[in-house]
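Here is how the chains run, residue by residue.
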Amino acid sequence: MEEKTLICQDCGQEFVFTVGEQEFYKEKGFDNDPKRCRECRDKKKAERRQFRNENR
């Protein structure tokens with residue numbers, strides 16, 4: 001395995017999918033590469049958490 005440079009679907013910036021991250025994804029059974037950079041993934045998670053908290 002080697003590092004991959006991917007493009008974030010949200011912000012359009014390049015990000016590196018490291019060997020360690022690839023191993024983690026494989027270990028968890030994820031077949032697809034991430035579509036978002038770390039910052040956009042974290043932002044998306046925070047938005048989902050906020051939405052759930054508002055709808056309780």
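Above this note sits the structure.
Computed from a predicted structure; not experimentally measured.

Thresholds applied
- Residues numbered from 1 in each chain as written.
- Predicted model: local features only at pLDDT ≥ 70, side-chain atom pairs only at ≥ 80, totals over all residues.
- Heavy atoms only, no water.
- Phe/Tyr/Trp six-rings, centres within 6.5 Å; stacked < 30°, edge-to-face > 60°.
- Buried < 20%, exposed > 50% of the residue type's maximum accessible area, 1.4 Å probe, protein only.
- Patch = residues over 30% accessible without salt bridge, like charges linked within 9 Å, V, L, I, M, F, W, Y side chains within 5 Å.
- Areas by Shrake-Rupley, 256 points an atom, 1.4 Å probe, with all protein chains shown as cover.
- Salt bridge = Lys/Arg side-chain N within 4 Å of Asp/Glu carboxyl O.
- Lys, Arg positive; Asp, Glu negative; His and termini not counted.
- Charge placed at Lys NZ, Arg CZ, Asp CG, Glu CD.
- Helix = DSSP H or I, 4+ residues; strand = E, 2+ residues; numbered from the N terminus.

Taken as a whole and assessed by the stated rule, the structure comprises three aromatic pairs. With 6.4 Å between their ring centres and 70 degrees between their planes, F24 and Y25 make a pair best called edge-to-face. Overall, Y25 belongs to the buried group, its relative accessible area being 15%. Relative to F30, the ring of Y25 lies with its centre 5.3 Å away and its plane at 75 degrees, an arrangement referred to as edge-to-face. Judged by its relative accessible area of 47%, F30 is partly exposed. Ring-pair connections join several aromatic residues into one group, and the members of that group are F17, F24, Y25 and F30.

A cluster of basic residues, K44, K45, R48, R49, R52 and R56, forms a positive patch on the protein surface. Mapped onto the secondary structure, K44 falls in helix 2 (residues 38-54).

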